[in-house]
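# Residue-level structural notes
Okay, here's what each chain looks like letter by letter:
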Amino acid sequence: MNIFKLSIKNIFNKPLSSSISLALLILGVGIISLLLQLNTLIKDQMDNNLRGIDMVVGAKGSPLQLILSSVYHIDSPTGNISFQEAENISKNRMVGSSIKILYGDNYKGYRIVGAEKKFIDLYKGVIKEGKDWEKPYEVLVGSKVYEKLKINLGDELVSSHGLRETGQSHDEGKFKVVGLLEPSNSVIDQLIITSPQSVWNIHNDHDHDDEDEHEHEHDDREITAMLIKFKSPMNIIQFPRQINENTNLQAAVPSYEISRLFKLFGFGIETLSYLAYLIIIVSGFSLFINLFNSMRERKYEMALIRTLGASRLQLSTMIIFESLALTISGFVLGLLFSRFGVMFVSSLMEESLNYNLNSFKILNDEFWLLGLSILIGMVSSLIPAIQVYKMNISKILANA
Amino acid sequence: MLKTKELEFNYENQMFFKFQNIDLKSNENLLIIGDSGVGKTTLMHLLAGLLKSNSGSIKLFDKELNLMSPSQLDSFRKNNIGIVFQRPHFVNSLTVKENLQLAQYIANKKDNNRIEDILKNLNIFNKSNKKTNQLSQGEKQRASIALAIVNSPKLILADEPTSSLDDNNCAKVIELLKKQATDFGAQLIVITHDSRLKKHFKNTIEL
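Note that the coordinates shown come from a computational prediction; the quantities given were computed from them, not determined experimentally.

On to the overall build of chain B, then. A count of helical and extended segments in chain B gives six helices and ten strands. Relative to the globule expectation of 17 Å for 207 residues, the C-alpha radius of gyration of chain B, 17 Å, shows essentially globular dimensions. The C-alpha extent of chain B, read off along each of the three principal axes, is 45 × 40 × 35 Å. By residue count, 42% of the 207 residues in chain B fall in the buried class.

See the structure below:
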């Protein structure tokens, strides 16, 4: 037996009032930690996929939609643009490198992207099995896709038109799996990637067969978007405006659009976290009231412990420890709660967005949350602890 | 062993007590008897070091209590004095055995054999693992005696141990206390208004 064991026994002796304080704390800590985790995970994921893309050129429409569709592959594209016009922009002296991508089909809900080979390098994609595509209709499959759909090397995939599973299936759209990609924790994990020519072949008339060899005078090929990296970061100010004003194309800057997006739902996150902090403070009050009441109920037993020879400090320590044991376990359980929350949300997101969020590290902000929990434990036990410290045992015993 | 001289105490609300001198030799028990309001509880708290007198001196085991700091008194008390209260008090979240272990922990001791011996001697060994609020009144009284003697005090102070008991039980409890004191080598001082106890003690002081 010792003072700490005694504190724990005291907590379990009052299961109801202890668990109310505990539940409030778990809720508060859990919500804040869940918000922090999701915010960080989504931001990391978004930033991770943003690497090396300074600007996206596509059809006119919503810039956010253009970014979401061609960088994150989660929204519908704004439309198509002419290959020739894109080619002209890519030759501009401000452009460092450019990648043309085009959509057309999907296979069981996963997008088939026609892209230049640089596209895979952009996301540091590595072929795990098989080889790169050489001929049209040969595809590389991202890790999420082959894991979910159990696709193997050499399989034939019959695509459906459009980006949704329900589209009409093409008879001619038979793709052959020639390579499987390593997981890269980026968007290519949930894509099926092929040469632009494959997509053109499916969607254009059959008289384009020799397009590979010759540049036609009237090139009517189209692409969906072009991802651009500038030579100098300075160009980000001038170049998008030039395109938007002087051409019928749209240029969007991913970093602007994403921070705009975060501002939009950041407001909701902020409101929710204020609410969660309020819950934590209420849990502190409930803790204080519990301790204060139990102090009055237990004054004879406190006096008894003192007459047995315990010092004032030992008794005060016991009170503070009772409070801290509750807040710290509230913190730990709150984190656990938030991890289950993250797991739940990410499983939801994976279903609907083909996105995956998984990383279970403890964030710096969560250490602050630990500090806050300890602080709440200290503050709510301060007055009861001082009262116990100043307790007049003789008076209490005389009135027994 | 106990020597008090010109002991005086006054509460803030002007209640004033002046106690007669006590001189108790080693190996003797003492009954202090007095009516309500003569300062019995005050005297007991003074002897236990729970209160400090305004003037005079208390010499217990050759130590002057009035010269000790509060923390010295805490430590003196846990090493030398066991207290039996009028109404038994326990730590309610603990079992009988755990209460005794807590008392030992506070005195930096650990001896489960002694706990067993005491509980057997008091006939409540089968209640060891019961919470104290599950005990009957008599069992509570015996458990509180166990708590007072678990750390082998040299002095047991009992405050009105028999006031709510009938004649039969009164005699039982006081004999039990005396027996425990003898068995475990301690001296007993009982402070009470209960005149039935007079016949059980050779040394009696009337306040």
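Residues and elements named next belong to chain A. In this structure, E257 sits in helix α9 (residues 254-297). A count of 19 C-beta atoms within 10 Å places E257 in the partly exposed class. Sequence separation of E257 and Y389 is 132 residues, and the distance between their C-alpha atoms is 58 Å. Those residues in contact with E257 that sit more than four places away from it in its chain are P63, L64, I67 and A252.

Turning next to the pairing of strand β1 (residues 2-10) of chain B. All names here are of chain B. Bridge count for β1 against strand β5 (residues 55-60) is five bridges, and the pairing is antiparallel. Each bridged residue has a counterpart across the sheet, and for L2 the counterpart in β5 is L60. In the sheet, β1 pairs with strand β3 (residues 22-24) via three bridges, with the strands oriented antiparallel. Each bridged residue has a counterpart across the sheet, and for K3 the counterpart in β3 is D23. As paired strands, β1 and strand β2 (residues 16-18) are joined by three bridges and run antiparallel to one another. Pairing of N10 across the sheet is with F16, part of β2. In sequence, β1 turns back onto β2 through a hairpin of five residues, with Q14 there showing a positive phi of about 75°.

Right, let's get into unusual backbone geometry. All names here are of chain A. Its identity as a non-glycine residue notwithstanding, K124 has a phi of 55°, on the positive side. Here K124 is to be found in the loop between α5 (118-122) and β5 (127-130). Residue classification places K124 among the partly exposed residues on the basis of 13 C-beta atoms within 10 Å.

One finds A146(B), I156(B), L157(B) and I189(B) to be the most contacted residues of the largest nonpolar core, which totals 91 residues. With residues near it in sequence (within four places) discarded, A146(B) still touches L100(B), I118(B), L119(B) and L122(B). Counting residues in each nonpolar core, the second largest holds 52 residues, with I112(A), Y146(A), V177(A) and A225(A) among its members.

Counting residues at the interface gives 27 residues for chain B and 20 residues for chain A. Counting only elements with at least two residues in the side of chain B that touches chain A, the list comes to α1 (40-47), α2 (70-80) and α3 (96-106) of chain B. Considering each element in turn, the side of chain B that touches chain A owes the most residues, six residues, to α3(B). The class makeup of the residues in the side of chain B that touches chain A is 13 nonpolar, nine polar and five charged.

All names here are of chain B. Counted residue by residue, α1 has eight buried out of eight residues, so it is predominantly covered. Taken together, the buried positions of α1 are K40, T41, T42, L43, M44, H45, L46 and L47. G49 sits one or two residues past α1 and shows a positive phi near 75°.

Our next topic: the domain arrangement of chain A. Partitioning chain A into domains gives domain 1 (3-46 + 268-398) and domain 2 (55-252). Domain 1 of chain A and domain 2 of chain A are separated by 51 Å when their C-alpha centres are compared.

Turning our eyes to something else, we now look at the environment of S232(A). Residues and elements named next belong to chain A. Mapped onto the elements, S232 comes out in the loop between β11 (225-230) and α8 (235-246). In this structure S232 comes out as exposed when scored by C-beta crowding, with 9 C-beta atoms within 10 Å. For S232 and M94, which are 138 residues apart along the polypeptide, the C-alpha to C-alpha distance reads 7.3 Å.

All names here are of chain B. Taken in spatial order, the five strands make up an open sheet running β7-β8-β9-β4-β10, and their pairing is parallel. At either end of the open sheet lies a strand with only one pairing partner, and these are β7 (81-84) and β10 (204-206). Recorded for the sheet is a direction-independent mean angle of 15° between the axes of neighbouring strands. Taken together, the five bridges between strand β8 (residues 155-159) and strand β9 (residues 187-192) define a ladder with parallel strand orientation. Its bridge partner lying in β9, A158 is registered against V190. Strands β8 and β9 of the sheet are contacted by helix α6 (residues 167-183), whose axis makes an angle of about 155° with β9.

The subject of this paragraph is helix α4 (residues 112-121) of chain B. Residues and elements named next belong to chain B. Those residues of α4 lying buried are I115, I118 and L119. Each buried residue of α4 sits inside an arc of 95° when the element is viewed along its axis, so together they form one side. In α4, the exposed positions that point more than 90 degrees away from the buried face belong to N113 and K120.

Basis of the calculations
Residues numbered from 1 in each chain as written. Chains lettered and ligands numbered in written order. Predicted model: local features only at pLDDT ≥ 70, side-chain atom pairs only at ≥ 80, totals over all residues. Helix = DSSP H or I, 4+ residues; strand = E, 2+ residues; numbered from the N terminus. Rg over C-alpha atoms; globule rule 2.2 N^0.38 Å. Buried ≥ 20, exposed ≤ 12 C-beta atoms within 10 Å, placed from the backbone. Contact = placed C-beta atoms within 7 Å. Pairing = 2+ DSSP bridges. Core = buried A, V, L, I, M, F, W, Y, C linked by C-beta atoms within 7 Å. Nonpolar A, V, L, I, M, F, W, Y, C, P; charged D, E, K, R; others polar. Domains from an automatic or database assignment. Axes fitted to C-alpha atoms, helices over the stretch in contact; angles between N-to-C directions. Arc of directions from axis to C-beta.

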